[in-house]
Structures are given as structure tokens and as C-alpha cells.
Amino acid sequence: MDRFGNKVTPAKNYTLIDFVKEKLNELKNYDNIANKDSPLVSIKNFEDIHMDADLLKAVYAAGFNRPSKIQANALPLLLADPPLNLVAQSQSGTGKTAAFVLAMLTRVNKKLNYPQVICLCPTYELAIQTGEICTKLSAGITVIYAVRGEPNPSVAQITEQIIIGTPGKVMDWGIKYKWFDLSKIRVFVLDEADTMVSTQGHHDRCIRIHRKLDLSCQMIFFSATYDDEVLDFVQYMVPNPKIIRLPREQECLDNIKQYYALCRGEESKYTAIQNIYGGITIGQAIIFCNTRKCAAWLTRKLTKDGHSVAVLSGELNIVERLSILDRFRAGLEKVLVTTNVLSRGIDVTQVTLVVNFHMPILHGDEKPDYDTYLHRIGRTGRFGKHGIALNLVENENDMKLLRSFEAHFRKPIKLLNTNDSDEVHKLEH
Ligand code: ADP
Ligand code: MG
């Protein structure tokens, strides 16, 4: 027995590297897991959702053949006249972006050359990613990014029709410099809405922007997670919202298989990561650390040992951050070490493995951060693909956190006993 009471069998030379290789190989044999109860399919077609013909063409050109459940449920509400406010929840990777982007594009009056839509995102990277999807589907509608590192508008009044950005910049542009008129905004979108209204800095800025909006402005809030307190507050911001909410047991999808490995201290975790690195023959991996310092340490060590890995954390400048993410998206590095800055929204479809080097905990506390756990593991298993989440457990406290995540989402997190090949072989797919 080990110190957690798990049966430990003698080593048979079966390592984490073998496990990861084997599991990732299995992913090759899976297709999309969509079935009739899946959040990825709906009985509707995009034609049934009465969209503009150009938009419909752009949707098909983007390779979206059928709407996902959230798209089919949300879009009729979002496109209704008079406009309805919506607070919507849907699991990671189920296509929330296209749902609100299609609504944003539909509401723009192409003849008017000023901002009519604002979409706020919590991070620079997510704003850029969302802007790129918006531009891809835009059918001639103009988009400007209000994020750090982008040039300020070259004219006194912005002529683009959609502003996508982070709260600080949008606040500056709209309130401090008055480069556009907030009272003319017809649609206000908060992606990752729960973190936008509950994180100190974001909260204040979002509220200040929100206060300047016209009462008739349509409010659209999306996220994969809302706790009850946040939901109460959101409803105070959004008049008479329609609400789409998930029962707790559906928040975490089954296409992401969750495991844990026991490690004896940081060095043993490092060895595990080295093994994992060698095991990634299919797809790519994201490793989450709780601090920038740890992310930097891990990356330095891996690089010194000859592995090619990238690190992305908040201390880098904007140009570096985007170039690192672009390289990772292009597959130039197969492993990305990061912090919670990338825990939400980022969509890199080839990510097959997410590793929690540390279990996510609430700021300044040792309590489990359920939302961050769900968002982190949701960086794999995008739109029905299969993915693996692996938690590195070092001590009793980690084990407690792990059990809390397991109980909260009601999904098993299985022991990966890398000393026992039989046990590993028995792991279900
Ligand atoms: P979420 O915001 O819900 O986490 P995203 O909007 O980032 O998810 O979408 C996840 C992935 O699904 C993206 O790669 C996107 O291109 C893809 N996707 C979205 N809608 C569809 C659709 N209807 N058909 C096929 N793929 C889709
Ligand atoms: Mg998203």
C-alpha cells in the first residue's frame, strides 16, 4: 500500500511514457463522439435558424455543417426581435463563440460606420482568437481590436462596426478618450462572463462600461461555468434574461478522461513531465502550473535537458505571447507550459493532453478552484474530440483537492499506476 492506501505492485518497467503513448494512440481510433444526446448535435440545421444568406454561406465555408446544441438553442433567442437578453452556459468546446459571434454579426447595420457591438474577453489571446473567428464569418463587417499592443485608432472616431477587446482598453477607448459612443452600442457580449464579473479588475471595468450602455442594448453573457453567487449578480446586470443552464452532472463532458499519477515531490513530477514529453506522439500537450515562477523553472529545466517546449505566462509582452501561441497552434512546439492565463477559451484542436502540474486552488487559499479545473481540462477534447487530463499528485493535500474535483463534477479521476502494466492496460478507453 502507498501512503494514500492504493495497492502498489512491483515495478514491471512500465512507465508513464508507455501509458501516454498508448492512450494517445487510442485517440487515433476515435471519431467525433457526437450522438443524439451530445451537446454537439441538434435536430436543427443552420437553415432553420433564420440568418442572413451571406452569414449562412460563411458558416458553411468555415466547415460548420450543423449547429451544436448551444448554437441551436441560443441563436433563435439571440436573433429574435425585439432582441432578448441571454445568459447561457454550455460545456467547454461546444461552439459558444460562433453562437454569440453570429448574433453580433446579425445585429450590425452595415450602412453605419461606427461601433455597434462590443465583445469583452478576459485575456489578450482570447480577444484575438474571437476576433479572428468574427472576421472569418464577417461577410464584410468591420472589426477592431481594443487590446494592449494594438495601435490606437488613427481617427478621432472609430469607424469599425464591432469592437473586440479586454475591459481596460475598451473602457479607455469609450470613456476616457471617447473614440466611440457607448450609448450607440446595440449588443454587449461578455465571453467567460463569470470571470468577467467576479475577478476584481475585470469586474470594475465591465461595470463602468455597462453603466454607459443604453437600456435597450442587448446583453449576451456566455460561459462554461457559473456559480450561484455569480449568477445572481449577472441577473442584476442583465434585465429579464433568458437563461440556459446546465445541471452540475453535465458540466464536465465524458470525452475528457481524467487520471492522476502519484509523484514524490517536484523532482518526481519533473521526471513524470519528461516521460510525458517523450510519450506525446499524437497531438500536443498543455501543462498548467500555479505560478509563473514554476512555469519558468519547468521550462528552463526541460529546455536544458534538450526538450523543445514553449512557455506562456502573463509576464511576457504581448508580441511574445501571441507569437508563442501562434507557434504552438502551428505545431512547432508540442508542449506548452503555462499558467491560468490560458485556462479559459483557448481553442487549439490538436491538444490531446492537459497536465495539472499543480491542482488549481483559489487565490490566497488552499481551497479547490472548481471552475479553473473545468476550464483547464477543457483545453483538450474540443468539439467532441477525445482528450486526457492528468493530475500530478504530490501530497495528502493534493489528494484532497483531487477528490473534491471528482465529487464536485461527479466524474471519476482514476489512478494511473505506472508501476503496474496490467493495471494500466485495464484502464478503460
Ligand atoms: P467554446 O467557446 O464553447 O469552448 P469554441 O467556440 O471555442 O467552444 O469552439 C470549439 C471548436 O468547435 C472550435 O474549433 C470551432 O471551430 C468548432 N465548432 C464550433 N461550432 C461548430 C459546428 N457547428 N460544427 C463544427 N465545428 C464547430
Ligand atoms: Mg469559449
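Reading guide: rules and limits
- Residues numbered from 1 in each chain as written.
- Chains lettered and ligands numbered in written order.
- Predicted model: local features only at pLDDT ≥ 70, side-chain atom pairs only at ≥ 80, totals over all residues.
- Heavy atoms only, no water.
- pLDDT = per-residue confidence, 0-100.
- Contact = heavy atoms within 4.5 Å.
- Pairing = 2+ DSSP bridges.
- Helix = DSSP H or I, 4+ residues; strand = E, 2+ residues; numbered from the N terminus.
- Axes fitted to C-alpha atoms, helices over the stretch in contact; angles between N-to-C directions.
- Salt bridge = Lys/Arg side-chain N within 4 Å of Asp/Glu carboxyl O.
- Core = buried A, V, L, I, M, F, W, Y, C linked by side-chain atoms within 4.5 Å.
- Buried < 20%, exposed > 50% of the residue type's maximum accessible area, 1.4 Å probe, protein only.
- 1 Å grid on protein atoms, 1.4 Å probe; cavity = no way out; pocket = protein on both sides within 12 Å on 5 of 7 lines; lining within 4 Å.
- Points joined across faces, edges and corners; volume = space filled by probe spheres on them.
- Nonpolar A, V, L, I, M, F, W, Y, C, P; charged D, E, K, R; others polar.
- Domains from an automatic or database assignment.
- Phe/Tyr/Trp six-rings, centres within 6.5 Å; stacked < 30°, edge-to-face > 60°.

Asker: Run through the confidence of the model for the protein chain, naming residues and quoting values.
Answerer: Reading predicted coordinates in detail is not appropriate for stretches of low pLDDT. Residues of the protein chain with pLDDT of at least 70 account for 90%, and the chain-wide mean is 89. Taken as a whole, residues 419-429 scores under 50 in pLDDT and shows 34 contacts with residues more than four places along the chain or in a different chain.

Asker: Let's hear about the sheet that holds strand E1 (residues 86-89): which residues, and what values?
Answerer: Overall, parallel pairing links the seven strands, which are arranged E3-E4-E2-E5-E6-E1-E7 in an open sheet. With partners counted over all chains shown, the strands left at the sheet margins are strand E3 (143-146) and strand E7 (242-244), one partner each. Taken over all neighbouring pairs, the strand axes of this sheet differ in orientation by 15 degrees on average, direction set aside. Sheet topology note: the E1/strand E6 (residues 218-223) ladder contains four bridges and is parallel. Bridge pairing in E6 links Ala88 to Phe222.

Asker: Before we move on, could you go through the pattern of salt bridges and cite the residues and values that matter?
Answerer: Tallied over the full model, the rule gives 14 salt bridges. Connected through shared salt-bridge partners, Glu192, Asp194 and Arg344 make up one network.

Asker: Can you tell me about the nonpolar core, naming the residues and giving the values?
Answerer: By size, the foremost hydrophobic cluster in this structure holds 43 residues, and its most contacted members are Met104, Ile162, Ile164 and Phe222. Looking at which element gives the most residues to this core, the answer is helix H4 (residues 96-107), with seven residues. With near-sequence residues (within four places) excluded, Met104 lies in contact with Val117, Cys119, Cys134, Ile162, Ile164, Val187 and Val189. Counting 33 residues, the second-largest nonpolar core is a separate cluster that includes Val170, Phe188, Val197 and Phe221.

Asker: I'd like to hear about the layout of surface pockets, residue by residue, with values.
Answerer: Roughly 1,600 Å³ of internal volume is contained in the largest pocket. Along its surface, the largest pocket is lined by 44 residues, and Thr195, Thr199, Asn340, Asp369 and Thr372 are the ones closest to its centre. At the level of elements, helix H7 (193-198), helix H8 (200-211), helix H9 (228-237) and helix H13 (370-377) are the ones that each hand at least two residues to the lining of the largest pocket. A class-by-class count of the residues in the lining of the largest pocket yields eleven nonpolar, 18 polar and 15 charged. Here the lining of the largest pocket gathers at least three residues from each of two domains, domain 1 (16-247) and domain 2 (251-428). Residue lining of the second largest pocket: 34 residues in total, with Phe64, Gly95, Thr97, Ile133 and Asp347 positioned closest to the centre. The leading source of residues in the lining of the second largest pocket is helix H5 (residues 124-136), at five residues. Counted by class, the lining of the second largest pocket contains ten nonpolar, 13 polar and eleven charged residues. Composition of the lining of the second largest pocket by domain shows at least three residues from each of domain 1 (16-247) and domain 2 (251-428).

Asker: Give a description of the packing of aromatic side chains that names residues and reports values.
Answerer: Within the structure shown, the criterion is met by twelve aromatic pairs. Centre to centre, the rings of Tyr373 and Phe405 are 4.3 Å apart; their planes meet at 10 degrees, and the pair counts as stacked. You can see Tyr373 sitting in helix H13 and its partner Phe405 sitting in helix H14 (residues 396-409), a full 32 residues away along the chain. For Tyr373, a relative accessible area of 0% puts it in the buried group.

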